[in-house]
Amino acid sequence: MRSSNPVFSRRGFSRDNGYAGFNAQPQAGGPAVATQGNPYAPGNPYAGQQAPTNPYAANPYGQQDLQGAPPQAPVTTGRMTMDDVVMRTATTLGVLVVTAALAWALLPVDDANISKSYGIAIGAGLVAMVLGFVQAFKRKASPPLILAYAALEGVFLGVVSSVVDNRIASGAAMQAVLGTMAVFLAVLVAYKAGWIRVNRRFYGFVMAAALGFVLLMAVNLLFSVFGGGDGLGFRSGGLGIMFGIIGVLLGACFLALDFKQVEDGIAYGAPREEAWLAAFGLTMTLVWIYLEFLRLIAILQGND
C-alpha cells in the first residue's frame, strides 16, 4: 500500500506497474483469469498483457469469486478491516492533536519568544519530514515511526496554528479544523455514493496537478528566500487565494485516492499491519488540507 501524497506515493496494493489494480478486478485467490468476449480487444494495445495479481494471494483469508469480484470473506485474524484502519487513524491523529495542543500551550508566540518557538517548530517539522520519507520507503509499516512522525508534525502544526491564530487571524485554527472535517466528510459521502470514480486517469491527473503545484510552491519559496517578500506572490493576495483553493481541492482528491486504497486493501485481504500505512496516508492528507485552509483563512482575513 502506498500513500496518495505526491511526495510519498510509491507502491499500491496490486504491486504491479499500475495503480492499485485500476481497470482490473482484484483477484483474491491468485492470478487473474483471461478475459472472455472482449469486443475491444483487437484495438486494445494492452489486451495481451497479463492482468495484475493479488499480492496477498498466498494468504488463507481470501477466496476468489466466480466472476472475479473482490472477495467478501468474513473478517478473520490477521486480515485488515475497516475497524483496523479507523482505530489506527484515530490513534495517529490523536497523538498529533495532543502534541499540537501541548506546543500551542507551552511554546508562546509573543515578541520575546516567537523566534525560539519558530525554531523548535521548524526543527520538528524537518525531522517529521525525514521520518515520513523513511516510512514511505520502508517495505513494512513501523507504528513507532508513524507515531513519532505524528507527534513531531503536531508540534509544528501547534506553533504555526498559534502564530496564525494569535497574530494574524483570530479563530483561524478552529475554522481550518472545521473546514478540514467538512472536506473529509464531503469526499467520503461523494466516494461512497459513486460520484467520484477513482481510476487510472483520475490518479494520473491528480498526480500531474500535484507535481505542478509542488514545483510552483518550491520555486516561489526559492524566490522568497533569495529575493525577499513573498517571492512570486503565490501565497498572498489574489494569487494566494487561488492557489489556496487549488491546494484544498488537491487535498480532497488525495482523500479519494486514500479511500480507494483502503477499499482495495480490504478487498485484497491485506495483512492487518497495512492499516498503519492507511493511517499514515490519511494523516498526511488531512495535514495538507488543514495547512491549506489555515493559509487561505490567513490571507482572506489579512485582506479585510
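Treat the numbers as computed from the prediction; the structure is a model and nothing was measured.

Q: Which parts of the structure should I look at to understand the overall build of the chain?
A: Regarding its fold elements, the chain presents seven helices and zero strands. Secondary structure elements of the chain occur, N-terminal to C-terminal, as α-α-α-α-α-α-α. Residues classed as buried in the chain amount to 46% of the 304 residues present.

Q: What's the story with the nonpolar core in this structure? I'm lost.
A: It is characteristic of soluble globular proteins that their nonpolar side chains tend to be buried jointly. Judged by nonpolar contacts, the single largest core of 46 residues is most densely connected at Val183 and Leu255. The set of elements that each furnish at least two residues to this core consists of α1 (82–106), α3 (143–168), α4 (172–192), α5 (200–227), α6 (237–268) and α7 (274–302). Examining the composition of this core, we find that twelve residues originate from one element, α7, more than from any other. When sequence neighbours within four positions are dropped, the list of residues in contact with Val183 reads Val248, Ala252, Leu255, Ile289 and Phe293.

Q: Would you take a moment to explain the confidence of the model for the chain for this structure?
A: Per-chain confidence: the chain averages 79 in pLDDT, with 72% of residues scoring 70 or above. Confidence over residues 58–68 falls short of pLDDT 50; this stretch has 19 contacts with residues more than four positions distant or in other chains.

Q: Quick question: what am I supposed to make of the pattern of salt bridges here?
A: Any two side chains of opposite charge can pair, so long as their charged atoms come close to each other. Enumeration according to the criterion identifies four salt bridges in this entry. We note a salt bridge from Asp111 to Arg167, for which the minimum N-O separation is 3.0 Å. Residue Asp111 is located in the loop between α1 and α2 (114–136), and its partner Arg167 is located in helix α3; the two are separated by 56 residues in the primary sequence. With relative accessibility at 64%, the residue Asp111 sits in the exposed group. In this structure, the salt-bridge partner of Lys260 is Asp264, at a minimum N-O distance of 3.3 Å. Remark: Asp264 and Lys260 occur in helix α6; sequence separation between them is four residues, near one turn of the helix.

Q: Before we go on, may I ask you to explain the environment of Val198 in this structure?
A: Within the secondary structure, Val198 is located in the loop between α4 and α5. Assessed through its relative accessible area of 11%, Val198 is described here as buried. Along the primary structure Val198 and Cys253 are separated by 55 residues, whereas in three dimensions their C-alpha atoms are 9.2 Å apart.

Q: Help me understand a nonpolar patch on the surface in this model?
A: A contiguous nonpolar surface patch, about 580 Å² in accessible area, is contributed by Tyr118, Ile122, Leu126, Met129, Phe133 and Phe137. Turning to its location among the elements, Ile122 is positioned in helix α2. Residue class for Ile122 comes out partly exposed when judged on its relative accessible area of 46%.

Q: Explanation requested: the packing of aromatic side chains in the structure shown.
A: The geometry of two aromatic rings is summed up by the distance between their centres and the angle between their planes. In this structure the tally under the stated criterion is six aromatic pairs. Relative to Trp288, the ring of Phe213 has its centre 5.8 Å away and its plane inclined at 40°; by these criteria the two rings are tilted. Of the two residues, Phe213 sits in helix α5 while Trp288 sits in helix α7, which places them 75 residues apart along the sequence. For the pair formed by Phe213 and Trp288, the shared burial category is buried. Taken together, a centroid distance of 5.0 Å and an interplanar angle of 80° make the contact between Phe254 and Trp288 edge-to-face. Of this pair, Phe254 sits in helix α6 while Trp288 sits in helix α7; the two residues are 34 residues apart in sequence, bridging distant segments of the chain. Here Trp288 falls in the buried class, since its relative accessible area comes to 14%. What links up through ring pairs into an aromatic cluster is the set Phe213, Phe243, Phe254 and Trp288.

Q: I keep staring at the packing of α2 against α3 and nothing clicks. Help me out?
A: How two helices sit against one another is set out by the angle between their axes and by the gap between those axes. In contact at an axis separation of 8 Å, α2 and α3 are set at 145° when each is read in the N-to-C sense. You can see that α2 and α3 cross each other, and the crossing is left-handed. Split by residue class, the contact of α2 with α3 holds 18 nonpolar, four polar and two charged.

Q: In this structure, what is going on with the environment of Gly94? I would like to understand it.
A: Relative to the assigned elements, Gly94 resides in helix α1. Residue Gly94 is classed as partly exposed on the basis of its relative accessible area of 31%. With 57 residues separating them along the chain, Gly94 and Ala151 place their C-alpha atoms 9.2 Å apart.

Q: Looking at this structure, I do not really get the packing of α1 against α3. What am I missing?
A: Remark: α1 packs on α3, axes separated minimally by 7 Å, with the N-to-C direction vectors making an angle of 40°. Classed by the angle they form, the pair α1 and α3 counts as oblique. For the element pair α1 and α3, the recorded crossing hand is right-handed.

Q: Looking at this model, I keep getting lost on the side chain of Thr283. Mind explaining?
A: As for its position among the elements, Thr283 is in helix α7. The buried category is assigned to Thr283, whose relative accessible area is 0%.

Q: Honestly, the environment of Ala298 in this entry has me stumped. Any pointers?
A: Among the secondary structure elements, Ala298 is positioned in helix α7. Ala298 sits 129 residues away from Ala169 along the chain, and the two C-alpha atoms are 5.5 Å apart. Sequence-distant contacts of Ala298, defined by excluding residues within four places in its chain, comprise Val164, Ile168 and Ala169.

About the thresholds
Residues numbered from 1 in each chain as written. Predicted model: local features only at pLDDT ≥ 70, side-chain atom pairs only at ≥ 80, totals over all residues. Heavy atoms only, no water. Helix = DSSP H or I, 4+ residues; strand = E, 2+ residues; numbered from the N terminus. Buried < 20%, exposed > 50% of the residue type's maximum accessible area, 1.4 Å probe, protein only. Core = buried A, V, L, I, M, F, W, Y, C linked by side-chain atoms within 4.5 Å. Contact = heavy atoms within 4.5 Å. pLDDT = per-residue confidence, 0-100. Salt bridge = Lys/Arg side-chain N within 4 Å of Asp/Glu carboxyl O. Patch = residues over 30% accessible without salt bridge, like charges linked within 9 Å, V, L, I, M, F, W, Y side chains within 5 Å. Areas by Shrake-Rupley, 256 points an atom, 1.4 Å probe, with all protein chains shown as cover. Phe/Tyr/Trp six-rings, centres within 6.5 Å; stacked < 30°, edge-to-face > 60°. Axes fitted to C-alpha atoms, helices over the stretch in contact; angles between N-to-C directions. Left-handed = near helix turned anticlockwise from the far one by under 90°. Nonpolar A, V, L, I, M, F, W, Y, C, P; charged D, E, K, R; others polar. Parallel < 35°, antiparallel > 145°, perpendicular 65-115°, else oblique.

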